[in-house]
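Structural characterization, general
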Amino acid sequence: MRKCIFLAIILALISTGIWYWRESTMREVIIYFSSENGRYMISQKKKIQKDNIVHQAKDVINLLIKGPPDNRKLKMFPTIPEGVKLLGVKIDSNRVDVNFSRALIQNHPGGSNAEIQTIFSIVNSLTHNFDQIKWVQILVEGEKVSTISGHLCISFPFREDVSLMQKEENDSKHK
Amino acid sequence: MTRINLVQKKILAGIVIITLLSVNAWAENNLTIHDNINHLTVQVKGAKFNNYDFISFEDIAKILGLEYKWNPITDRVEIVKEPNEIVFVKGKNTVLVNNRIIQMTPSLQLIGTRLFIPVEFVEAQFGNIFNCKITWNKQTNTLSIDSVTPLTSLREKERQNIVFAKGLEEPMVRTYPYLHKGEPNSSSFAEGKIMETGTIPESLRIRFVVIDPGHGGKDPGAIGKNGLKEKDVNLYISKKIKELLESHIPGMKCLLTRDGDYFIPLSERAALANYKKVDLFISIHSNAAFSREANGFEVYHLSTEACDDEARIAAVAENEAVNLEDAQNKGDKGKQLNNIEMILGQLAQEEFIGQSQELSGFILESACRKLGAVDRGIKGAFFMVLKDALMPAVLVECGFISNPIEETNLRSTSFKDEISLAIAEGVTSYINYYETQMGLNNIKKGENKE
């Protein structure tokens, strides 16, 4: 009996130790999703592995692609069309090139609103979490493209757009 | 230790700020201008900043008999004296002299309502360019110059703005009437009276508008849950707006970028408007969002705020250098000028953002009032279809096809007619407002009532 209790304590200690160790290698990031009426973006906190900046940026984009949790109460909506894959991230001083598969264009729902949400959820999620990143260039299959769904020009890098980063309170006020 | 450091830092910062303030302060500086030809000497008010001497742009232009065009919206100044041309942009150190980039430090400065140029730049460059002798003596504050205009009879020249862009065969000249503030007839602007059109050309009236139905052909745009295609909605509303504007405003002509279901590249839409030299560009779209709840009306104008100017200029430098050379070899003036525009990082539409915002406001207000639509506001973004337009240009998103209720509305002919009427009335209000400001006659009230 005593042995059993002793073993349980040891096990508990080891698992807490592992948990702490894992926690210390994680960092918190903020991912931006679309609000219900598409006016603003809603932030969600997530954890990713502490690693070099390229890996971290990849993790952030992959979380964005994965979308918000499927919970109606949160009233968060994805901003990346279904089937999109991240092909690569390249960082050159303060600019990051994010390379997506062609589904970004092919599966995009269209509309200025959706296009703005797609672009600035990518741009803001990256610039917000990494001080080093000031400019984001979106690429499709490794190439610069002029537009995603025929509205905004994405041939050039974008900087963070803070006007879209509003609280949900603002959002519901206008509904 | 840290405390002392902090105090020391504060003192140091204070000293730096004081030094900066004292060095960077503007000072008035009387310059002596000596005319080498007529042996006349006059005093002009110059300025001193950071130990650099400045002369007023107006004065030097008068003395050398140069015509210049200053666009107060873009802060761009052009001197054209065949075959020479100099282009400045206030606040930029890059100057284009006959299409060659020359550095100027410091840049053009605006003090009050007057522009100032560094005297040293005038001495170093203007003599060569305009083939005259200019020497500057910093000690005696004297600029010796081969004056073209007798210094005693200096006359104010009319200021014009010339703009160049894709699709234009030749530069377009626009005179900015508000540059003539203080002239006798300016009082009636404020009183809102109908002005005599004597000094203001009829061509300033807005009577030629391009309506651009978004998407088309192989590009359906957004598609609703129940299958409604954005391209069809856009075309119907655009055709209706054309009909309404043409029947309600005397002399109005509207041009559609497409009048059927076919594809046109984005770049050709503004190019058509530029080529035809129309007064307004209105792109008609229907919106879509990731959430089906999103609803309402929004109007967009161009904004370059989130956009990388330097990358834009660098891209031009990389891609267009060859074109520029080609153009120079072929003597293609239009192309050269278009490239100048690009080198200066200027987009044609940037000159019209203010007017585009006003037009957006009138359209949005009318739509929300008449349709009871949810007002999502006037927004700016870097739009493909707006960035090259050489006239006020807006993109209207007439409701969300992705919202099932709005999709049903956008399917109904009577609702689309109401949207068209609301937009047409918004455009008419803008035209009325603009022409009243310009001192042109009002479009009579009630003309646009059904």
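Throughout what follows, the structure given in this document is the object of discussion. Every value quoted in this text rests on a predicted model; they were computed, and no experiment measured them.

Reading guide: rules and limits
- Residues numbered from 1 in each chain as written.
- Chains lettered and ligands numbered in written order.
- Predicted model: local features only at pLDDT ≥ 70, side-chain atom pairs only at ≥ 80, totals over all residues.
- Heavy atoms only, no water.
- Helix = DSSP H or I, 4+ residues; strand = E, 2+ residues; numbered from the N terminus.
- Areas by Shrake-Rupley, 256 points an atom, 1.4 Å probe, with all protein chains shown as cover.
- Buried < 20%, exposed > 50% of the residue type's maximum accessible area, 1.4 Å probe, protein only.
- Contact = heavy atoms within 4.5 Å.
- Axes fitted to C-alpha atoms, helices over the stretch in contact; angles between N-to-C directions.
- Parallel < 35°, antiparallel > 145°, perpendicular 65-115°, else oblique.
- Left-handed = near helix turned anticlockwise from the far one by under 90°.
- Nonpolar A, V, L, I, M, F, W, Y, C, P; charged D, E, K, R; others polar.
- Buried area = accessible area lost by both parts, 1.4 Å probe.
- Salt bridge = Lys/Arg side-chain N within 4 Å of Asp/Glu carboxyl O.
- Polar contact = N/O pair within 3.5 Å; in protein donor to acceptor, adjacent residues only side chain to side chain.

Describing the overall build of chain B
Looking only at helices and strands, chain B features 12 helices and 20 strands. For chain B, the accessible surface area stands at approximately 21,000 Å², while carbon and sulfur atoms represent 52% of it.

With respect to the environment of Gln103 of chain B
Residue and element names in this part refer to chain B. For Gln103, the position within the fold is in strand β8 (residues 100-103). By relative accessible area, which is 53% here, Gln103 ends up exposed. Sequence separation between Gln103 and Phe121 is 18 residues; the distance between their C-alpha atoms is 9.4 Å.

Here we look at the environment of Leu235 of chain B
On the secondary structure map, Leu235 of chain B appears in helix α5 (residues 230-248). Residues within four places of Leu235 of chain B in sequence aside, it is in contact with Pro213, Arg258, Asp259, Gly260 and Asp261 of chain B.

Quick notes on the packing of helix α9 (residues 353-371) of chain B against helix α12 (residues 413-437) of chain B
Residue and element names in this part refer to chain B. Orientation of α9 relative to α12, taken along the N-to-C sense of each, is 140 degrees, at an axis distance of 8 Å. Overall, the two elements α9 and α12 adopt an arrangement that is oblique. When the axes of α9 and α12 are compared, the crossing they make is right-handed. Here Gln355, Glu358, Leu359, Phe362, Ile363, Ser366, Ala367, Lys370 and Leu371 of α9 come into contact with α12, specifically with Glu418, Ile419, Leu421, Ala422, Ile423, Glu425, Gly426, Val427, Ser429, Tyr430, Tyr433 and Tyr434. Of the residues that constitute the contact of α9 with α12, the class distribution is 13 nonpolar, four polar and four charged.

Quick notes on the interface of chain B and chain A
On the side of chain A, 34 residues touch chain B, which itself brings 34 residues to the contact. Approximately 2,500 Å² of surface area, both sides summed, lies buried where chain B meets chain A, with 63% of it carried by carbon and sulfur atoms. Counting across the chain B and chain A interface gives zero salt bridges. Taken together, the connections running from chain B to chain A amount to 13 residue pairs in polar contact (both at pLDDT 80 or more). Of all elements in the fold, only β17 (280-287), β18 (297-302), α7 (309-330), β19 (375-381), α10 (384-387) and β20 (393-400) of chain B reach the threshold of two or more residues within the side of chain B that touches chain A. Looking at the side of chain B that touches chain A, its residues break down into 20 nonpolar, five polar and nine charged.

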